[in-house]
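# Notes for the structure review
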Amino acid sequence: YLGGTGSANKLEDYETGAISSTNILKATTTNPTISMSANRSIYHKIGTFVRAHFDISFTVSSAGSGDLILNLPFTVDGSNSFNSIHAARANSAFTGIRDYEISGYGSSNTANLYLLYSTGTAGAEAAINTSALDTSGTRRICLNFIYRST
């Protein structure tokens, strides 16, 4: 209950936990082969709203192929009515993409967060392809994603 014990103050659906999927970072065609050195990813779910905080450190031995995807803890609502990335940081995880250029979107009726970057052309964005993964050492991706789940 929040602010009283009446039924209007009852919080019926609250959940928090770790995002611990073995395929937390995957791709549309062939998943990259990564060794996770740290996964500090968590989520908070209140009603249908989810805040997923990804914080993963990893090394890449094979980049795979296709567009990069982070695995979300819950399915994205089909209406795509609300989702956004806040405070993304990639710690040189991608070749040729600056940290502040990262964005993304949750794909309707899936648990997929597609990673995008700013192309620098009048607000245009493009998918981050696995070929952009830096394979020269330990890399880190941190971002907050807020979305509506089913």
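Residues numbered from 1 in each chain as written. Predicted model: local features only at pLDDT ≥ 70, side-chain atom pairs only at ≥ 80, totals over all residues. Heavy atoms only, no water.

### A word on the overall build of the protein
Rule in force here: Helical segments are the DSSP runs of H or I of at least four residues, strand segments are the runs of E of at least two, and each set is numbered from the N terminus. With the radius of gyration taken over C-alpha atoms, the globule rule is written as 2.2 Å times the number of residues to the power 0.38.
The number of helices and strands found in the protein is zero helices and 11 strands. Listed by position from the N terminus, the elements making up the protein come as β-β-β-β-β-β-β-β-β-β-β. Over its C-alpha trace the protein gives a radius of gyration of 17 Å, about what one expects of a compact globule, namely 15 Å for 150 residues. The dimensions of the protein, computed from C-alpha atoms along their principal axes, are 55 × 35 × 25 Å.

### Topic: the nonpolar core
Burial of nonpolar side chains together is a common tendency in soluble globular proteins. For clarity, the cut-off: Here, the term nonpolar core denotes a set of buried Ala, Val, Leu, Ile, Met, Phe, Trp, Tyr and Cys residues that are joined through side-chain atoms within 4.5 Å. Relative accessibility decides the category of a residue: with a 1.4 Å probe and only protein chains considered, values under 20% of the type maximum give buried, values over 50% give exposed, and everything between is partly exposed. Any two residues having at least one pair of non-hydrogen atoms within 4.5 Å are treated as being in contact.
Counting 30 residues, the largest nonpolar core has Phe 54, Phe 94, Leu 113 and Leu 143 as the members making the most contacts within it. Listed by contribution, the elements that provide at least two residues to this core are β5 (49–62), β6 (68–71), β9 (112–118) and β11 (139–148). Considering every element that reaches this core, the biggest residue donor is β5, with six residues. Other than its neighbours up to four places away in sequence, Phe 94 contacts Leu 68, Ile 102, Leu 115, Ile 128, Ala 132, Leu 133, Asp 134 and Ile 141.

### What about the side chain of Asp 134?
Put simply, the rule is: Polar contacts, as used here, are pairs of N or O atoms within 3.5 Å; protein pairs need one atom able to donate a hydrogen and one able to accept it. Residues neighboring in sequence count only if both atoms are side-chain atoms.
Positionally, Asp 134 belongs in the loop between β10 (125–127) and β11. At 3.2 Å, the side chain of Asp 134 and the side chain of Arg 139 are in polar contact.

### Notes on the side chain of Ser 57
Summarising the element assignment, Ser 57 is placed in strand β5. Look past the residues within four positions of Ser 57 in its chain and what remains in contact with it is Ser 35, Met 36, Ser 37, Ala 38, Arg 40, Thr 138, Arg 139 and Arg 140.

### A few points about the environment of Arg 98
In this structure, Arg 98 sits in the loop between β7 (83–89) and β8 (102–106). Taking C-alpha positions, Arg 98 is 24 Å from Arg 51, a pair spaced 47 residues apart along the chain. Here the side chain of Arg 98 touches Glu 101 through a polar contact of 2.8 Å, side chain to side chain.

### Here we look at the confidence of the model for the protein
Counted only if it meets this: A score from 0 to 100, pLDDT tells how confident the predictor is in each residue.
Of the residues in the protein, 97% reach a pLDDT of 70 or more, and the chain-wide mean stands at 88. Taken element by element, the protein is modelled with least confidence in β7, mean pLDDT 77, and with most confidence in strand β4 (residues 42–46), mean pLDDT 96.

### Points about the packing of aromatic side chains
So the rule is basically this: Working definition: rings of Phe, Tyr and Trp (its six-membered ring) pair if their centres are within 6.5 Å, and the pair is stacked with planes under 30 degrees apart, edge-to-face with planes over 60 apart, and tilted otherwise. Working rule: Lys NZ or Arg CZ, within 6 Å of ring centre, within 35 degrees of ring normal, means a charge sits over the ring.
With the rule as written, the count across this model stands at three aromatic pairs. Where Tyr 105 meets Tyr 114, the ring centres are 5.3 Å apart and the plane angle is 10°; that geometry is what we call stacked. Overall, Tyr 105 belongs to the partly exposed group, its relative accessible area being 36%. The interplanar angle of 25° and the centroid separation of 5.2 Å between the aromatic rings of Phe 145 and Tyr 147 together place this pair among those described as stacked. An identical accessibility class is assigned to Phe 145 and Tyr 147; each is buried. Here Lys 45 stacks its cationic end above the ring of Phe 74, 5.3 Å away from the centre of that ring.

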